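Overview (structure and organization)
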Amino acid sequence: MGATFVGMPPFPVAAREKLADTQLRRNLAHATATIRAKRASVVGEVPDWEDLRVQAAAVKDDTLTHLDEHLLALEEALTARGATVHWARDAAEACAVVAQVARAHGVDEVVKVKSMVTAEIGLNEALADEGIAAVETDLAELIVQLGEDLPSHILVPAIHRNRAEIRDIFRSRMAAAGRAAPEDLSSEPAELAGAARLHLREKFLNATMAVSGANFAVAETGTLVVVESEGNGRMCLTLPDVLVSVVGIEKVVPSWSDLDLFLRLLPRSSTGERMNPYTSTWSGVTPGDGPQEVHVVLLDNGRTRALADEVGRQALRCIRCSACLNVCPVYERVGGHAYGSVYPGPIGAILNPLLRGPGHDAQVDSLPYASTLCGACADVCPVSIDIPEVLVHLRSRVVDAHRGDRLPTAEAAAMRATGWALGDAGRLSAAERIAGVAGRLWRGRRMPGGRAAIGWIPGPGSRWTGARDLPAPPAESFRAWWRRTGRDEGSAP
Amino acid sequence: MRVAVMATCLGDAMFPDAPRATVRLLRRLGVEVEVPEAQTCCGQPMVNTGYLDEAVPAVGRYVEAFADYDAVVVPSGSCAGSVRHQHTVVARRTGDPCLEQSVARASARTFELSEFLVDVLRVVDVGASFPHRVTYHPTCHSVRMLRVGDRPVRLLEAVEGIDLVELPQAYECCGFGGTFAVKNPDLSVAMGADKARHVRETGAEVLVAGDASCLMHIGGLLSRQRAGVRTMHLAEVLASTADDPAVVGG
């Protein structure tokens, strides 16, 4: 079966490993630069873009404040239109519902629309345990699935792969999963897409049951919405008789006029297109047209935990556009796998700890620190999530969760000492005098400008000096200069 | 108007040329500046690592030390950003309404250097002279936390004799990130190496920025590479005059 994120090392360890992958660095730099430029160009065409972002944030916040009412309205509308609504508290409950529907129809293969939430709950693995194959029909998800690989981006999960790697995966793996790739398959994009199309067409035509997520769920009419580019989603949503959609409870929007706002923001932020090629909407069952048995699984899986966090709850506004990944200088250099989750990048760095709760798992707790707080993500977010604010907040939750530990970490001790020293000018001044003596004694190579360079510090200091010089402390601190001459120097010509 | 300079802990202890230049520059522009000696640090090193309780003493010192001034000038986008955006979070956590009020008052009167020059003193040409090839790195917190926009560039463009060259991909983070630089050292260096490469591509003799912290990181890499590029704070360039020029070489 496929790879798993379970047991991934903390971010700094995983990131260090990924930094050494030269192919990955080039694939990512090229792909993210291309999509950044596309986004910037189409966003620039919308004069009221900043207003739309503020409105979208307000709609999401208002909906989340009254989430219970909107969800009950959604359930009522869905049920009235012939859908069966299931409530799932966690991944296991949601997977059990999907498996149970599949068993009821005697199905051993389902086709899937690309969906983040089914990846989040590990649905494919859960179905495999029941002997049911879940076939990914989005091209990039198919590449990941056939390669027994892990997704590394929300929108383009195979962003870490280049054409040659994809050709090799198709040639060696497609036959075992269904229709084989041509023997002489080249790495031309049109040929690769052609091979995938033929392979998938067979799957669509034979499928009895499809599984999807939803980008939005409109409460007033009980309508689910899937936004996509390839048309594979449309196939899955219209051909099979049975459709099960797993929907995170934060996906609800009250009305179609709210939906309009998000459909203007999502494609431009996501693929850098003015409009996405396929937008499918369906409201329960339509007799004689499309699936005749429709199930909707409304999933919590940590969302109410995130909602309880007053600062962090803004992360539930996320519409999974991935603009924050594409502008993130950290993501660009290490890719998505280093984050150890289906939700990578800046949004993953806040969403994973919020969904799972900080303070229990070293990998999860390392994520809020996987950022320089440069703020590029917040500027592009179409729903104005202040990701740096949430990152800092989650860092404090991680620290607070360990305040009761019997043995404080070296970092905690250092922070306590620094906080103490900085609480009084006299203490800081004393530290500066000691550093000044050390600085005067230091005989190192000169840096441009004349200061002596410290090129090596033992222990934790080597994390700085491994690749960077540090100037030796100045002989005289600013404070000492001010006392000596600064009060008078240059005060009046 | 009573104006105080906040040296910042890094400026005070490691890069005194930046706050010294700030004092000289403001005095040259006719501002009577004071340096309250009770000042220490904005508390950002603790806050950004998640240690909010540990930042309380520093935040307390800040509001006390600068309570009697109409304006506080900070030669750092990051520290000014911390005062304006993070002090309120720290204060709220203490549950002390007095501290919350003092923090609100102090942060409203805190300005990053280029903001103070352009918005308060309403000056763009500060009478500086700096006949060198310079490239400018817009630091993340000055750009995206404070929104200083093109103020620093306008100030630099008005400097006599300067050869200001644009830095490629200027708005990308240098990779310093406070404790990020030692928690994720490899990644920090990978980002900084790209920034240093862009700096070298400009052929500049001096890299200028408004934050000593970012300069410590990029400058540390450039020095290790023997790139022959030195770093200087924006204040040092603006303080340099034809009569009293800043020393660049040596």
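1. Some words on the overall build of chain A
Looking only at helices and strands, one finds 23 helices and 12 strands in chain A. Each principal axis of the C-alpha atoms in chain A carries an extent, and together these give about 90 × 55 × 50 Å. Within chain A, the proportion of its 493 residues that are buried is 51%. The long-range fraction of contacts in chain A, counting pairs at least 24 apart against all pairs at least 6 apart in sequence, stands at 73%.

2. Observations concerning the overall build of chain B
Check the secondary structure of chain B and you find 14 helices and eight strands. Expected size for 250 residues packed as a compact globule is a radius of gyration near 18 Å; at 18 Å, chain B falls within 12% of this value. Judged by the C-alpha coordinates and their principal axes, chain B covers about 50 × 45 × 30 Å. By residue count, 64% of the 250 residues in chain B fall in the buried class. Put simply, 77% of the contacts in chain B that link residues at least 6 apart link residues at least 24 apart.

3. Brief notes about helix 2 (residues 17-28) of chain B
Residue and element names in this part refer to chain B. If you check helix 2, its first and last C-alpha atoms are 16 Å apart, about what 12 residues at 1.5 Å a residue would give, namely 16 Å. Extensive coverage of helix 2 is indicated by the burial of 10 of its 12 residues. Downstream of helix 2 by a residue or two, Gly30 has a phi angle that is positive, lying close to 85°.

4. Brief notes about the domain arrangement of chain A
Structurally, chain A comprises domain 1 (11-303) and domain 2 (425-486). For domain 1 of chain A and domain 2 of chain A, the distance between their C-alpha centroids amounts to 54 Å.

5. Concerning the sheet that holds strand 4 (residues 110-112) of chain B
All names here are of chain B. Spatially, the four strands line up as an open sheet ordered 2-1-3-4, and their pairing is parallel. Strands at the two margins of the open sheet, each flanked by one partner only, are strand 2 (33-34) and strand 4. Note: strand 1 (residues 3-5) against strand 3 (residues 71-74), three bridges, orientation parallel. Considered in strand 3, the bridge of Val3 is made with Ala71. Against the sheet, helix 8 (residues 113-120) touches strand 3 and strand 4, its axis set at about 100° to strand 4.

6. A closer look at the interface of chain B and chain A
Tallying the contact residues gives 59 residues for chain B and 56 residues for chain A. Those elements that provide at least two residues to the side of chain B that touches chain A are helix 1 (9-13), helix 2, helix 3 (44-47), helix 4 (52-65), helix 9 (140-145), helix 11 (180-183), helix 12 (185-201) and helix 13 (212-224) of chain B. Looking at side-chain class alone, the side of chain B that touches chain A contains 32 nonpolar, 14 polar and 13 charged residues.

7. Considering unusual backbone geometry
Working note: non-glycine residues mostly have negative phi, and peptide bonds are mostly trans. The backbone of Arg320(A) sits at a positive phi, close to 55°, despite the residue not being glycine. Among the structural elements, Arg320(A) can be located in the loop between helix 13 (303-307) and helix 14 (323-327). Within the chain, Gln169(B) stands out as a residue other than glycine whose phi angle is a positive 45°. With respect to the helices and strands, Gln169(B) occurs in the loop between strand 6 (163-165) and helix 11. For Gln169(B), a count of 12 C-beta atoms within 10 Å puts it in the exposed group.

8. Let's talk about the domain arrangement of chain B
All names here are of chain B. According to the domain assignment, chain B contains domain 1 (3-120) and domain 2 (133-239). Between domain 1 and domain 2, the C-alpha centre-to-centre distance is 22 Å. For the side of domain 1 that touches domain 2, the secondary structure elements donating two or more residues are helix 1, helix 2, helix 3, helix 5 (77-85) and helix 8. Ranked by residue count, the leading element in the side of domain 1 that touches domain 2 is helix 2, at six residues.

9. A short note on the pairing of strand 7 (residues 206-209) of chain B
Residues and elements named next belong to chain B. Burial of the side chains of strand 7 extends over both faces: Val206 and Val208 are buried on one face and Leu207 and Ala209 on the other. Alignment of strand 5 (residues 133-136) against strand 7, held across three bridges, turns out to be parallel. Its bridge partner lying in strand 7, Thr135 is registered against Leu207. The pairing of strand 7 with strand 8 (residues 230-233) spans four bridges and is parallel. Considered in strand 8, the bridge of Val206 is made with Arg230. Handedness of the strand 7-helix 13-strand 8 crossover: right-handed.

10. Here's the deal with the confidence of the model for chain B
This prediction gives chain B a mean pLDDT of 97; 100% of its residues lie at or above 70. If you check the scores for this complex, the pTM reads 0.96 and the ipTM reads 0.97.

11. Quick word on the packing of helix 6 (residues 87-94) of chain B against helix 7 (residues 97-108) of chain B
Relative placement of two packed helices is described by the angle separating their axes and the distance separating the axes. Residues and elements named next belong to chain B. Interhelical geometry of helix 6 versus helix 7 gives an angle of 170° and a closest axis separation of 8 Å. When the axis of helix 6 is compared with that of helix 7, the two are roughly antiparallel. Mapping the contact onto sequence places His87, Thr88, Ala91, Arg92 and Thr94 in helix 6 and Leu99, Glu100, Val103, Ala104 and Ser107 in helix 7. For the contact of helix 6 with helix 7, the class distribution of residues is four nonpolar, four polar and two charged.

12. Things to note about the environment of Gly404(A)
Considering the arrangement of structural elements, one finds Gly404(A) in the loop between helix 19 (387-401) and helix 20 (410-421). The sequence separation of Gly404(A) and Val117(A) amounts to 287 residues, and the corresponding C-alpha distance is 35 Å.

13. What to know about the sheet that holds strand 7 (residues 242-248) of chain A
Residue and element names in this part refer to chain A. Strand order in the open sheet made by the six strands is 1-10-7-4-2-3, with parallel pairing throughout. Only two strands of the sheet have a single partner each, and these edge strands are strand 1 (84-88) and strand 3 (133-136). Neighbour to neighbour, the strand axes of the sheet diverge by 25° on average, direction disregarded. Alignment of strand 4 (residues 209-212) against strand 7, held across four bridges, turns out to be parallel. Looking at the pairing, Met209 lines up with Val242 of strand 7.

14. Regarding helix 8 (residues 139-146) of chain A
Residues and elements named next belong to chain A. Judged by how many residues are buried, helix 8 sits mostly within the fold: eight of eight residues are covered. Along helix 8, the residues classified as buried are Leu139, Ala140, Glu141, Leu142, Ile143, Val144, Gln145 and Leu146. With its phi angle positive at about 45°, Glu148 sits one or two positions after the end of helix 8.

15. Focus: the environment of Thr241(B)
Residue and element names in this part refer to chain B. Relative to the assigned elements, Thr241 resides in the segment after helix 14 (234-239). On the basis of neighbour counts, which here come to 18 C-beta atoms within 10 Å, the residue Thr241 falls in the partly exposed class. Among residues more than four places away in sequence, those in contact with Thr241 are Gly127, Ala128 and Ser129.

16. Details of the environment of Val120(B)
Residue and element names in this part refer to chain B. Structurally, the position occupied by Val120 is in helix 8. With 93 residues separating them in the primary sequence, Val120 and Arg27 have C-alpha atoms 15 Å apart. Apart from the residues within four sequence positions on either side, Val120 is in contact with Ala71 and Phe111.

Definitions and cut-offs
- Residues numbered from 1 in each chain as written.
- Chains lettered and ligands numbered in written order.
- Predicted model: local features only at pLDDT ≥ 70, side-chain atom pairs only at ≥ 80, totals over all residues.
- Helix = DSSP H or I, 4+ residues; strand = E, 2+ residues; numbered from the N terminus.
- Buried ≥ 20, exposed ≤ 12 C-beta atoms within 10 Å, placed from the backbone.
- Contact = placed C-beta atoms within 7 Å.
- Rg over C-alpha atoms; globule rule 2.2 N^0.38 Å.
- Expected span 1.5 Å × (residues − 1).
- Domains from an automatic or database assignment.
- Pairing = 2+ DSSP bridges.
- Axes fitted to C-alpha atoms, helices over the stretch in contact; angles between N-to-C directions.
- Nonpolar A, V, L, I, M, F, W, Y, C, P; charged D, E, K, R; others polar.
- Right-handed = clockwise from strand over helix to strand, strands pointing away.
- pLDDT = per-residue confidence, 0-100.
- Parallel < 35°, antiparallel > 145°, perpendicular 65-115°, else oblique.

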